[in-house]
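# Secondary and tertiary structure notes
Residues per chain are reported as follows:
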Amino acid sequence: MLDDFKAFETRILYDSVKSFFSNHPFLYWTLLISATILLLTLIFLKQAKVNKFPPYTYMLSILSLLVLLDVMTLMIPMMVIYLIVLGNVLVRTTNERIVIVASVYILTFHVLQSATYIHSFYLAKLISETFLFVWISWMSLQVRRSLRELNRTKTRNASLLEKLREAQKSLNEYYIEIEETYRRDYLTSLYNLSGFQEQMNRAMMKCGRNQSYHVICIDLTDFKQVNMKHGLDYGDSLLIALAKELKKKLPPDTQVARYDGDQFAIGLTGDQQALRNCLNILEQLMKELKEKRGLPSYCLGTASYPAQASTATELLRLAEERLSIEQQRLRHKEDEHRRHLEKLSAVGQLAAGLAHEIRNPLTSIRGFVQISAAESDAVKKWESIILPEIDRINDLLKQFLNLSESRPAKFKIFDLDQLMKDVFSLLKPRSFLMGHELKLCPPISRVMIEADPEQIKQVLINLVQNGLEAMTEKGKVEIHWREMRDLVIILVKDTGSGVRPENYHRIFDPFFTTKGEGTGMGLSICQRIITDHGGYIYPTSPPEKGTTFHIHLPIRQSRNKKVKPPFPIKKMLTPSPYKRIVGK
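Residues numbered from 1 in each chain as written. Predicted model: local features only at pLDDT ≥ 70, side-chain atom pairs only at ≥ 80, totals over all residues. Heavy atoms only, no water.

Turning our eyes to something else, we now look at the nonpolar core. With 37 residues, the main nonpolar core has Leu416, Leu460, Leu463, Val464, Ile490 and Ile551 as its most contacted residues. Every element with two or more residues in this core is listed here: α14 (416-434), β9 (448-451), α15 (453-470), β10 (476-484), β11 (487-494), α16 (522-532) and β13 (548-554). Top element by residues in this core is α15. It accounts for 7 residues. Residues contacting Leu416, with those up to four places away along its chain left out, are Val447, Ile449, Trp481, Val488 and Ile490. The next biggest cluster of nonpolar side chains, apart from the first, holds 35 residues, and it includes Leu39, Val71, Met79 and Phe109. (Core = buried A, V, L, I, M, F, W, Y, C linked by side-chain atoms within 4.5 Å. Buried < 20%, exposed > 50% of the residue type's maximum accessible area, 1.4 Å probe, protein only. Helix = DSSP H or I, 4+ residues; strand = E, 2+ residues; numbered from the N terminus. Contact = heavy atoms within 4.5 Å.)

Once that is clear, we can look at the packing of aromatic side chains. Tallied over the full model, the rule gives 2 aromatic pairs. Here the aromatic rings of Tyr536 and Tyr538 are separated by 6.2 Å at their centres, their planes lie at 40 degrees, and the arrangement is tilted. Across the ring face of Tyr191, the terminal group of Arg184 is positioned such that the distance to the ring centre comes to 4.0 Å. (Phe/Tyr/Trp six-rings, centres within 6.5 Å; stacked < 30°, edge-to-face > 60°. Lys NZ or Arg CZ within 6 Å of the ring centre and 35° of its normal.)

Turning to unusual backbone geometry, a few remarks are in order. A cis amide bond, omega 5 degrees, links Tyr305 with the succeeding residue Pro306. One can find Pro306 in the loop between β6 (298-305) and α12 (312-375). Although it is not a glycine, Ser189 adopts a positive phi angle of roughly 65 degrees. With respect to the helices, strands and loops of the structure, Ser189 is situated in the loop between α7 (122-182) and α8 (193-206). Judged by relative accessible area, which is 41%, Ser189 ranks as partly exposed. Look at Arg485: it is not a glycine, yet its phi comes out positive at around 55 degrees. Along the chain, Arg485 turns up in the loop between β10 and β11. Among the residues examined, Arg485 registers a relative accessible area of 80% and is labelled exposed.

Moving on to the environment of Ala303. Secondary-structure assignment places Ala303 in strand β6. Spatially, the C-alpha atom of Ala303 lies 8.8 Å from that of Glu320, the residues being 17 residues apart in sequence. Apart from the residues within four sequence positions on either side, Ala303 is in contact with Tyr213, His214, Val215, Gln308, Leu315, Leu318, Ala319 and Arg322.

Turning to helix α11 (residues 272-293), a few remarks are in order. Look at α11: 31 Å from first C-alpha to last across 22 residues, which is about the 32 Å you get at 1.5 Å a residue. Every buried residue belonging to α11 is among Leu275, Cys278, Leu279, Leu282, Leu285, Met286 and Leu289, and all of these are buried. What you see down the axis of α11 is that its buried residues fit within an arc of 130 degrees, all on one side. On its buried side, α11 packs onto β3 (213-220), α10 (232-249), β5 (263-269) and β6. Near the N-terminus of α11, the side chain that reaches the backbone nitrogen of Gln273, with its oxygen 3.3 Å away, is that of Asp271. Once α11 finishes, Gly294 follows within two positions and takes phi at roughly 75 degrees, a positive value. (Expected span 1.5 Å × (residues − 1). Arc of directions from axis to C-beta. Polar contact = N/O pair within 3.5 Å; in protein donor to acceptor, adjacent residues only side chain to side chain.)

Taken together, the side chains of Phe131, Leu132, Trp135, Trp138 and Met139 present a nonpolar region at the surface, about 530 Å² in accessible area. The residue Phe131 is located in helix α7 in this model. (Patch = residues over 30% accessible without salt bridge, like charges linked within 9 Å, V, L, I, M, F, W, Y side chains within 5 Å. Areas by Shrake-Rupley, 256 points an atom, 1.4 Å probe, with all protein chains shown as cover. Salt bridge = Lys/Arg side-chain N within 4 Å of Asp/Glu carboxyl O.)

Further remarks concern the confidence of the model for the protein. Across the protein, the average pLDDT comes to 78, with 83% of residues at or above 70. This model gives residues 567-584 a pLDDT under 50, and the stretch forms 38 contacts once residues within four places in sequence are excluded. (pLDDT = per-residue confidence, 0-100.)

At their nearest, the axes of α14 and α15 sit 10 Å apart, and the two run at 25 degrees to each other. Between α14 and α15, the crossing angle belongs to the class labelled roughly parallel. In the crossing of α14 with α15, the sense of the turn from one axis to the other is right-handed. On α15, the residues touching Leu419, Met420, Asp422, Val423, Leu426, Leu427, Arg430, Ser431 and Met434 of α14 are Pro453, Ile456, Lys457, Leu460, Ile461, Val464, Gln465, Leu468 and Glu469. Looking at side-chain class alone, the contact of α14 with α15 contains 12 nonpolar, 2 polar and 4 charged residues. (Axes fitted to C-alpha atoms, helices over the stretch in contact; angles between N-to-C directions. Parallel < 35°, antiparallel > 145°, perpendicular 65-115°, else oblique. Left-handed = near helix turned anticlockwise from the far one by under 90°. Nonpolar A, V, L, I, M, F, W, Y, C, P; charged D, E, K, R; others polar.)

With 19 residues, helix α2 (residues 25-43) extends 27 Å from end C-alpha to end C-alpha; this agrees with the ideal 27 Å at 1.5 Å per step. For α2, the set of buried residues is Tyr28, Leu32, Ala35, Leu39, Leu42 and Ile43. All buried residues of α2 fall inside an arc of 105 degrees around its axis, so they share one side.

Pairing in this open sheet of 4 strands is antiparallel, and the strands run β4-β5-β3-β6 from one edge to the other. Where the open sheet ends on each side, the last strands, each with one partner, are β4 (255-259) and β6. Across the sheet, the mean angle from the axis of one strand to that of its neighbour is 15 degrees, orientation sign disregarded. Alignment of β3 against β5, held across 7 bridges, turns out to be antiparallel. Its bridge partner being in β5, Ile218 is matched across the sheet by Phe264. Most of the contacts of α10 go to β5, to which it runs at about 5 degrees, and overall it touches β3, β4 and β5. (Pairing = 2+ DSSP bridges.)

Spelled out as structure tokens, the structure:
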């Protein structure tokens, strides 16, 4: 720290340092370079790391390195370096007092300077240098205050920015909620039609090469009658219950929608097995709701992407077209059933109106013939012809009355195996006389059923008699029955000539018969009894292999319970252009 003044006095520190480092030059340069690097490292250290130093530690570390450099470079003026380092330290340290830091630096600088040399103007230099140190400290104080204000401003701006982001996020969530509300059905919270179409588009875009997207459209038949009978509130509760069960039972990634009042749409991604599983879940769910809440029957239509349609609009339209075909088929079936009931009603009215009027004269004629035959031999020879004919007319009237009879069935739980044995004992002699074989094929375990035993016996006797009469040559009639889930299935098989295809649609019509004798009322009565029991009866007749009548009956009777027919009889001969999935 030698100055340009000519008059100076060298002190002991200068002499001792110069003497020591003259003898050890390598150590001198090593310490000088190391101290310089450490000082520069501390000066340019990041602010976050500076803040981790304890109070005054950062300041003292830099001052120590600066003192070391000053001592090792006594020939070089260090005033400017001291001022620069002091300003840097005061700006970057926030917890230390400026007065203390500045005082330490001023004191250290003057101690080293006085220990190195003194000249004639030393007092003036001391005052001027102290003033520079004070001025730099004051300037650093202003910079520190400005930086603090800047940091507070940044903090406020960051807080405002965070609030703005939160407000923007809330606004976006509210906007999404509004959009979701527009896509939802107000009653069931399911998707409406437009929302469902959006979900379809998204799901179809995510489908892989080997994946398919399926749409199932469901329509509740006769739902308007439910509203008219029980009120709109009851109908809405049914729709809400159905929507909850659909969301609960179907897989989580399935899209469900409600539109047009009583129509639902389901979309799912997967293969054909996933579609079948979904249809099975729907069938079970509808069955439970029908038993518990009286849900009306339903029909549905399906379509798959990309096998059957290439766009979401085309896929939905194809599913609705198939639903419409199923609705038309169901309406046609209901019309046929209504016409059949009208025929039965007409026959019942005819039977009820004429039976008593005809039987009374017949009773008188029969008695007159018997009295006349006892008194006249000429009449007696015709008695064997007249009386059987009168009895045949009485039998015909009795069948009319059975058809028109509307007494309710008397249900009770009984042993079906024992009933079959009774029928066998009753008809075994008749089959023996006709030259045929009658055989019972019982199940492994006993079957208990809730039904009207007399009416079921009447059905079995009629079917067995028809089978015996259908065989012109020696043949066999078999009766099979078994329990399957919640059903009892009864089969009556014969080895006769079978039913011609053109007669399938007429076999249950009143007065229709292919026998030379008979009224054509037996199968109509059988169908009415099985229908009253909530069951279903239908024939199968392969060419030249006889006829089998299938009877499906519920094991236990319950309100609104009806066995689903395995297939429409008309479709046995005329297959539909579309594959039928479910029909109720």
